[in-house]
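Chains, contacts and geometry: an overview
Letter by letter, the chains look like this.
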Amino acid sequence: MSKVLKFGGSSVATADSIQQVKAIVEQSPDNRWIVVSAMGGVTDMLLNACRQAADGNDAYKELLSKIETTHLQAAKALVPPQRQGHVLSELKVLLNELEDYLQSIVRLQELTAKTQDYIVGFGERMSSYLISEVIADAVWVDTRTLIQTDNHFGNAKVDFEETYRRCAATLLPIKERVILPGFIAGNAAGHTTTLGRGGSDYTAALIAAGVHASSVEIWTDVDGFMTADPRKVEKAYTIEQMSYAEVFELSNFGAKVIYPPTIYPLFSSKIPMLIKNTFHPDAKGTLVNNEKPASAQSIKGISSIDNIVLLTLHGVGLTGVTGISKRLFGALADAQVNVILISQASSEQSISFAVAPEDATTAQLAVNQSFKDDIEQGTINLKTENELSIIAVVGENMRQMPGTSAKLFNALGKNGVNIIAIAQGSSELNISTVIQQTDLRKAINLIHESFFLSAYKQIHLYLAGIGTVGNNLLEQLHLQRKNLEREHRLKIKLVGLMNSKKMHFDSNEGIALDNAKETLAQKGAPAHLQEFLQAAAKANLRNSVFVDCTANEQVAALYEGMLQSFVSVVTANKIANSGNYSRFVHLRDLARSRNLKFLYETNVGAGLPVIKTIDDLVLSGDKVLQLEAVLSGTLNFVFNTLSEEVTMSQAIRMAKEKGYSEPDPRIDLSGVDVLRKILILARECGYPLEKTDVEVNTFLPQKLFNAPTLDDFWKIIPSVDADFEARRKKLDTQNKRWRFVASINKGKASIGLQEVDTQHPFYHLQGNDNIIALYTERYHAQPMVIKGAGAGAAVTASGVFADIISIANL
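Residues numbered from 1 in each chain as written. Predicted model: local features only at pLDDT ≥ 70, side-chain atom pairs only at ≥ 80, totals over all residues. Heavy atoms only, no water.

When helices and strands are tallied, the chain shows 30 helices and 30 strands. At 36 Å, the chain has a C-alpha radius of gyration far larger than the 28 Å of a compact globule built from 810 residues. Across its three principal axes, the chain shows a C-alpha extent of roughly 115 × 70 × 50 Å. The long-range fraction of contacts in the chain, counting pairs at least 24 apart against all pairs at least 6 apart in sequence, stands at 72%. When the accessible area of the chain is evaluated, it comes to approximately 35,200 Å², of which 48% is carbon and sulfur surface. (Helix = DSSP H or I, 4+ residues; strand = E, 2+ residues; numbered from the N terminus. Rg over C-alpha atoms; globule rule 2.2 N^0.38 Å. Contact = heavy atoms within 4.5 Å. Areas by Shrake-Rupley, 256 points an atom, 1.4 Å probe, with all protein chains shown as cover.)

We now examine the packing of aromatic side chains. Enumeration according to the criterion identifies 23 aromatic pairs in this entry. Between Phe505 and Phe532 the ring centres are 5.1 Å apart and the planes differ by 40 degrees, which places this aromatic pair in the tilted class. One end of the pair, Phe505, is in strand β20 (residues 502-505); the other, Phe532, is in helix α18 (residues 529-539), with 27 residues separating them in the sequence. Judged by relative accessible area, Phe505 falls into the partly exposed class, the value being 29%. The class of Phe532 is buried, set by a relative accessible area of 0%. Pairing Phe724 with Trp738 gives two aromatic rings, centres 5.7 Å apart and planes at 70 degrees, and the pair type is edge-to-face. With a gap of 14 residues between them, Phe724 in helix α29 (residues 721-733) and Trp738 in strand β27 (residues 737-745) connect regions that are remote in the sequence. Taken as a pair, Phe724 and Trp738 share a single burial class, namely buried. Here the aromatic residues Tyr462, Phe505, Phe532, Phe546, Tyr559, Tyr581, Phe584, Phe598 and Tyr600 are joined through ring pairs into a cluster of three or more. Looking at Arg653, its charged tip hangs above the ring of Trp714, at a distance of 4.1 Å from the centre. (Phe/Tyr/Trp six-rings, centres within 6.5 Å; stacked < 30°, edge-to-face > 60°. Buried < 20%, exposed > 50% of the residue type's maximum accessible area, 1.4 Å probe, protein only. Lys NZ or Arg CZ within 6 Å of the ring centre and 35° of its normal.)

On inspection of all chains with the given rule, the structure shows 30 salt bridges. Between Arg592 and Asp589 there is a salt bridge, and its shortest N-O distance comes to 2.9 Å. Residue Arg592 and its partner Asp589 are both found in helix α21 (residues 581-593); the two are separated by three residues, about one turn of the helix. Look at the salt bridges and you will find they share partners, linking Asp229, Arg231, Lys232 and Asp306 into a network. (Salt bridge = Lys/Arg side-chain N within 4 Å of Asp/Glu carboxyl O.)

Ranked by internal contacts, the top residues of the largest apolar core, which has 81 residues, are Phe546, Leu627, Ile678 and Leu774. At seven residues, the largest contribution of residues to this core is made by helix α26 (residues 672-684). Beyond its immediate stretch of four places on either side in the chain, Leu627 contacts Ile614, Ile678, Leu681, Cys685, Ala742, Ser743, Ile744, Ile772, Ala773 and Leu774. Counting residues in each nonpolar core, the second largest holds 53 residues, with Ala208, Met242, Phe253 and Ile305 among its members. (Core = buried A, V, L, I, M, F, W, Y, C linked by side-chain atoms within 4.5 Å.)

The next subject is the sheet that holds strand β15 (residues 381-394). Taken in spatial order, the six strands line up as β13-β14-β12-β15-β17-β16 in an open sheet, and their pairing is antiparallel. Each of the sheet's edge strands pairs with one partner strand only, and the pair in question is β13 (341-344) and β16 (421-424). Strand-to-strand twist across the sheet, computed as the mean angle between neighbouring axes with direction ignored, equals 30 degrees. Of the pairings in the sheet, the one linking strand β12 (residues 301-314) to strand β14 (residues 350-355) comprises six bridges and is antiparallel in character. Bridging across to β14, Thr312 finds its partner in Ser352. Seen against the sheet, helix α12 (residues 357-370) touches β12, β14 and β15 and runs at an angle of roughly 25 degrees to β12. (Pairing = 2+ DSSP bridges. Axes fitted to C-alpha atoms, helices over the stretch in contact; angles between N-to-C directions.)

Our focus in this paragraph is the sheet that holds β27. Taken in spatial order, the six strands of this open sheet run β26-β28-β27-β25-β29-β30, and their pairing is mixed. Either end of the sheet is taken by a strand with one partner, and the two such strands are β26 (694-696) and β30 (784-789). Across the sheet, the mean angle separating the axes of adjacent strands is 20 degrees when strand polarity is ignored. Where helix α22 (residues 610-619) meets the sheet, its contacts fall on β25 (624-630), β29 (769-776) and β30, and the angle it forms with β29 comes to roughly 10 degrees.

Where helix α2 (residues 42-54) meets helix α5 (residues 113-120), the closest approach of the two axes is 9 Å, and the angle between their N-to-C directions is 140 degrees. Comparing the axis directions of α2 and α5 gives the class oblique. Crossing of α2 over α5 shows right-handed handedness. Of α5, the residues touching α2 (which contributes Leu46, Leu47 and Cys50) are Gln116, Ile119 and Val120. For the contact of α2 with α5, a count of residues per class yields five nonpolar, one polar and no charged. (Parallel < 35°, antiparallel > 145°, perpendicular 65-115°, else oblique. Left-handed = near helix turned anticlockwise from the far one by under 90°. Nonpolar A, V, L, I, M, F, W, Y, C, P; charged D, E, K, R; others polar.)

Attention now goes to the side chain of Ser243. Residue placement: Ser243 occurs in strand β9 (residues 241-243). Its relative accessible area of 2% is what places Ser243 among the buried residues. Of the polar contacts made by the side chain of Ser243, one reaches the side chain of Glu396; its length is 2.5 Å. (Polar contact = N/O pair within 3.5 Å; in protein donor to acceptor, adjacent residues only side chain to side chain.)

A separate point is the environment of Val12. Its location among the elements puts Val12 in the loop between β1 (3-7) and α1 (15-26). Between the alpha carbons of Val12 and Ser127 there is a distance of 7.8 Å; along the sequence they are 115 residues apart. The contacts of Val12, once residues within four sequence positions are left out, are Phe7, Ser17, Ile18, Val21, Ser37, Ala38, Met39, Gly40 and Ile131.

The next subject is the packing of helix α16 (residues 468-488) against helix α30 (residues 793-808). How two helices pack is summed up by the angle between their axes together with the distance between the axes. At a minimum axis separation of 8 Å, α16 and α30 run at an interaxial angle of 55 degrees. Looking at the two axes, α16 sits oblique to α30. The two elements α16 and α30 cross, and the hand of that crossing is right-handed. Residues Thr468, Val469, Asn472, Leu473, Gln476, Leu477, Gln480 and Leu484 of α16 touch α30, and the partners they reach there are Ala793, Ala794, Thr796, Ala797, Ser798, Val800, Phe801, Ile804 and Ile805. Classifying every residue of the contact of α16 with α30 by side-chain character gives 11 nonpolar, six polar and no charged.

What follows is the structure in structure tokens.
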């Protein structure tokens, strides 16, 4: 059961972390071969020192001093006083040799790959020597005598057969623990080579294969492979078991946990690998082996390459021509350009390939040269696209689970993430997509949310208006927050907030729902509608919803911009839907074309399911022939409240105080609010009406609506009290009541005050209730009736809340 353990730079960065390494290693005699990286940050300092020395810049001396201080201080903290002198002396020998080499570079003003490999190897040589003096019963062995490579300095190719022979011959006879420097190797001439950045993982794998270790443990600063990069996806979690095939795919596409060449020696030798956290040793970590993990999920993880360049060779000159791919990729190989991804159209008219940005110019030159004649003739062209990213979803279970691609593309498409190129091998182990770099974080979170169902779905909310309705919505969201998380795995994150004076954004932590108004007052910047729209577009957050709880025309003008930025819209504001019919249609079509939602249930009937019911009827093939409704909870409250004790002016003021009316009650009293509602309902029923098509019969003198200010209105409204009281008494003797009725009949709409008797279904309508009677081809004898509270901030807010939840449940 002898094991190889490898500790990365963060694990040996300080004296304290090395003490933790010592504790881990010494807890089991099975921990026989210990591979260590350079102390954290030292390799970068050595590389920078090389470059500065080659430039003749004395700043390399400062870096050398830092390297010396790092190692000597760690030695003094870790090594007992009686042995410190010897250890410090050995470290000084290495440091002096390092200084000599750097001085030689300064004199020659030349830095070869061979010299650079030798210098950067000092990091592992010093750290491994120091640790061999700290861990009990340990000896140090130089891996340059074990791992043999070719002469490709910087990223040498390993001679596996010779390396394995040397490892077995040298290491197996040693009874003590063996401490080995990672990253460095040697060629046949005995010169130092390196295995590439991250090469210490590779060293551990080669040692394990050579000595036939029972397992390899890679100790790092994370708990293992995660479902996604936790710096991009806060909900990412550790994967308990993976296959080598899955690890290889994730590592090649940006996952930084394991250096990709590490996998081959372990896979071919059938040696399992366990990835553990030095600073959280009790965590289970990730086990990687040749077994296909049992899992109900189609994908195991998501990785990304943040910045790539996509080049596309296209044109009629590609179709049916043999050898195009050979010419293309041969030219790239000759130019030593590494191709990250390939995507080819089945029409044979284009081949796309991704390269690292630093290789883009070389790739362009190579392709242009190889296809020079074709490009000059115009039969072939080369297109270059910059600032792109690759996302790879990986999992062995994709082979047997249909619909993985559909789920992936649906998650991206409905949130406005455009896929530029796709690549999938016949192994069905990896689906890679190329997208805009600006969409990367959003896309990874969408995919993670879609595939890893144990995580929460998160809605990002932008709210305009925190008056009575907006404030009630915030309260309801806060009160239901825990229930939504517990019962529906849903989190609603308020990321933008605006009133008429201020606006505030916080896409990182979000704005606390129970303190939103105070936060806006304290931290808000001056409100600017276009800047609010631009901020939402720039944030580019997944599952974004703009909520309009105002009655403002300028706020309603933001809807197109929000939808174009792939932000769904929920509105209690009737202005947009009751304006020009062409805009009503345009907003719906725009939302539909982007697979978004434009919801406005509260435009009519507050929280009553009026619009959804009509939509469902129409979608199921029914047709609304006639509609009669009391649509103003405000006016119904006013007419139900009138009595000998309560005058018309008093009833109107009561409606305002209870929050039933608009901020300016004249909108309700003039019938404008009902006009907007019946117009919206007519359009939902399939009748393309404009405002001028609706017959309006008002019940108050025009002078009231012409009052210059709201204060002026309140002063003159009592002038109608006597007339209304006289009419009310007469109506009472006839056993009738007033109702402000909106109707649609044969495609024509009207609104006005009507007298209804006890036989009419509207007679018994109480308080601020609304009622809608629908006569359709199916419901022609008896109407479908929807009845309930039709006004009030709380019920309107609940309707807005319901629309938000319906978007979350898509």
